[in-house]
Amino acid sequence: QSCPRPAEQRASQEPGSAGLPEGVEYIPTRKKGKNPMKPVGVAWYSLYARTRLGYLFYQRQVKKARERYPHGHSVPQPYCFPGVKILPIPVLSNNYSYLVIDTGSSQAAVIDPSDPLAVQAAIEQEGVILEAIFCTHKHWDHSGGNEALCQKHSSCRVYGSALDAIPRLTNPLADRETVTVGRLTFEALATPGHTVGHMVYVLDGGPFGSPPCLFSGDLLFLAGCGRPFEGSPETMLASLDIAVGLGEDTLLWPGHEYALECLTFASLLELDNPALEQKLQWVVQQRQEKRSTCPSTLGEEQTYNPFLRTHQPDLQEALGLWQAGGEDPDAFRARVLKEVRRRKDLYQAT
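Residues numbered from 1 in each chain as written. Predicted model: local features only at pLDDT ≥ 70, side-chain atom pairs only at ≥ 80, totals over all residues. Heavy atoms only, no water.

### Digging into the overall build of the chain
And step 1. Along the chain, the regular secondary structure elements total 11 helices and 15 strands.
And step 2. Each of the 350 residues in the chain was classed as buried or not, and the buried ones make up 55%.
And step 3. When the accessible surface of the chain is split by element, carbon and sulfur atoms take 52% of a total near 15,100 Å². (Helix = DSSP H or I, 4+ residues; strand = E, 2+ residues; numbered from the N terminus. Buried < 20%, exposed > 50% of the residue type's maximum accessible area, 1.4 Å probe, protein only. Areas by Shrake-Rupley, 256 points an atom, 1.4 Å probe, with all protein chains shown as cover.)

### Observations concerning the nonpolar core
And step 1. Of all hydrophobic cores here, the largest spans 27 residues; its most connected members are L214, L219, L220, L240, L319 and V340.
And step 2. Residue assignment for this core shows that the elements contributing at least two residues are strand 10 (199-203), helix 6 (233-244), helix 7 (259-269) and helix 11 (329-346).
And step 3. Counting residues per element, this core draws most heavily on helix 11, which supplies 5 residues.
And step 4. Setting aside residues no more than four positions away along its own chain, L219 makes contact with T191, H198, V200, C225, G226, M236, S239, L240 and A243. (Core = buried A, V, L, I, M, F, W, Y, C linked by side-chain atoms within 4.5 Å. Contact = heavy atoms within 4.5 Å.)

### Quick notes on the pattern of salt bridges
When the charged atoms of two side chains with opposite charge come close together, those side chains can pair.
And step 1. Taken as a whole, this structure holds 20 salt bridges when the rule is applied.
And step 2. Its salt-bridge partner being R176, residue E187 comes within 4.0 Å of it at the nearest N-O pair. Of this pair, E187 sits in strand 9 (residues 184-190) while R176 sits in the loop between strand 7 (171-172) and strand 8 (178-181), and the two are 11 residues apart along the sequence.
And step 3. With a relative accessible area of 24%, E187 lands in the partly exposed category.
And step 4. Exposure remark for R176: the relative accessible area of 48% places this residue in the partly exposed category. (Salt bridge = Lys/Arg side-chain N within 4 Å of Asp/Glu carboxyl O.)

### Details of the sheet that holds strand 7
And step 1. Here 7 strands make up an open sheet; going across it, the order is 1-2-3-4-5-6-7 and the pairing mixed. Strands at the two margins of the open sheet, each flanked by one partner only, are strand 1 (79-81) and strand 7.
And step 2. Note: strand 3 (residues 95-102) against strand 4 (residues 107-111), 5 bridges, orientation antiparallel. Its bridge partner lying in strand 4, L99 is registered against V110.
And step 3. Packed onto the sheet, helix 3 (residues 116-126) meets strand 2 (84-91), strand 3, strand 4 and strand 5 (129-134) and runs at close to 150° relative to strand 2. (Pairing = 2+ DSSP bridges. Axes fitted to C-alpha atoms, helices over the stretch in contact; angles between N-to-C directions.)

### As for the environment of L222
And step 1. Take L222: it is sitting in the loop between strand 12 (220-221) and strand 13 (224-225).
And step 2. Here L222 falls in the buried class, since its relative accessible area comes to 4%.
And step 3. As for L222 and G255, which are separated by 33 residues in sequence, their C-alpha atoms are 9.7 Å apart.
And step 4. Each residue touching L222, except ones within four places of it in the same chain, is listed here: L252, P254, A259, C262, L263, K279, T293, S296, E301 and Y304.

### Focus: the pairing of strand 6 (residues 157-160)
And step 1. Relative to strand 6, strand 5 runs parallel, the two sharing 3 bridges. Considered in strand 6, the bridge of I133 is made with V158.
And step 2. As paired elements, strand 6 and strand 7 share 2 bridges and run parallel to each other. Across the sheet, Y159 pairs through a bridge with N171, a residue of strand 7.

### Here we look at unusual backbone geometry
And step 1. Residues C294 and P295 are joined by a peptide bond in cis, for which omega reads 5°.
And step 2. Topologically, P295 is positioned in the loop between helix 8 (274-288) and strand 15 (296-297).
And step 3. Phi angles above zero are rare outside glycine, and R176 is one such case at about 75°.
And step 4. With phi around 60°, K290 is a residue other than glycine that occupies positive phi space.
And step 5. With respect to the secondary-structure elements, K290 resides in the loop between helix 8 and strand 15.
And step 6. When its relative accessible area of 48% is taken as the criterion, K290 is described as partly exposed.

### Some points on the environment of R309
And step 1. Note on placement: R309 falls in the loop between helix 9 (298-304) and helix 10 (313-318).
And step 2. By relative accessible area, which is 9% here, R309 ends up buried.
And step 3. C-alpha of R309 to C-alpha of V336: the two residues are 27 residues apart in sequence and 9.1 Å apart in space.
And step 4. Those residues in contact with R309, other than ones at most four positions away along the chain, are E270, N273, Q302, T303, Y304 and L315.

### A look at the packing of helix 1 (residues 42-50) against helix 2 (residues 52-68)
And step 1. Between helix 1 and helix 2, whose axes approach to 5 Å, the crossing angle comes to 80°. With respect to their mutual orientation, helix 1 and helix 2 come out roughly perpendicular. Across the interface between the two elements, W44, L47 and Y48 of helix 1 pack against L53, G54, F57 and Q61 of helix 2.
And step 2. Classifying every residue of the contact of helix 1 with helix 2 gives 5 nonpolar, 2 polar and no charged. (Parallel < 35°, antiparallel > 145°, perpendicular 65-115°, else oblique. Nonpolar A, V, L, I, M, F, W, Y, C, P; charged D, E, K, R; others polar.)

### Looking at the packing of aromatic side chains
And step 1. Scanning all chains against the criterion turns up 18 aromatic pairs.
And step 2. With a centroid separation of 5.0 Å and 50° between ring planes, the pair formed by F134 and Y201 is classed as tilted. On the criterion of sequence distance, the pair formed by F134 in strand 5 and Y201 in strand 10 is long-range, its members being 67 residues apart.
And step 3. Members of the aromatic cluster, each reached through a chain of ring pairs, are Y79, F81, Y96, Y98, F215 and W253. (Phe/Tyr/Trp six-rings, centres within 6.5 Å; stacked < 30°, edge-to-face > 60°.)

This is how it looks when you write it as structure tokens:
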């Protein structure tokens, strides 16, 4: 889903929502939009996540995306360190799968294989052996390719949380459990909120002289985060804090190309944030050329991602929120996160 530059924004306000930044547009939550998950309600989410209708909808998404983006929605940039290669695979209309390769053994793992044809094409082009599928969560746009890839690669194992109904799950993982593929070591971290069993995966970069790599699924995007469909603001805040705790040099590989929309929204909350303005200018140029915007770093994200800045007085003031006397600091941050989430859900770039 694309959005224009900030100069093209139109301003409107939700009735009774005084004090919102100029340029934030509010829309009825059930207004039809390009992103079918944006106006989602409880009933629709239940159908998508828990019934075969969700799978049929996913199949329709795949078919339309293959027709509209025969070469993918973005131009990816492979990331190489001595001994490891990370290949983003643009799938559907804005998703990313990632093929992570131990170049010494040609063994590979894939994270969130949304479209099995696109993933298989990358496997064949790279000439690697698929040993593992890591699923961040159950949603079809992250797990829909599991079945077909397992049929093609009989020895491939599927990893994820037992709390999510992940297709073809063979190896349920516990929080902090590690998995080795060739010389690649991944640590699974439980990060509930988007779904109850959401997990992220951290590639240990130490053996390759690289920073850690966070494959964040729908927990964290460039300048954004996933909707807490199955968790509270407190739960989501705790999961985001887990990600931040990985260190500022950690590379962020998100599950979606949402950078332009998220940064445009963020720029309407913090009107005087030079780091945000600079990143937005770079992303606008990247997206004009249909280039991928990942990875960023967790250090960068903390300078412009409002979902990671709930402790910042400037953002709190922009939202019109103040900590009550005796209020627990994390409880207040959860309240800030809830308000940022509310405004993001109602925001639509026009």
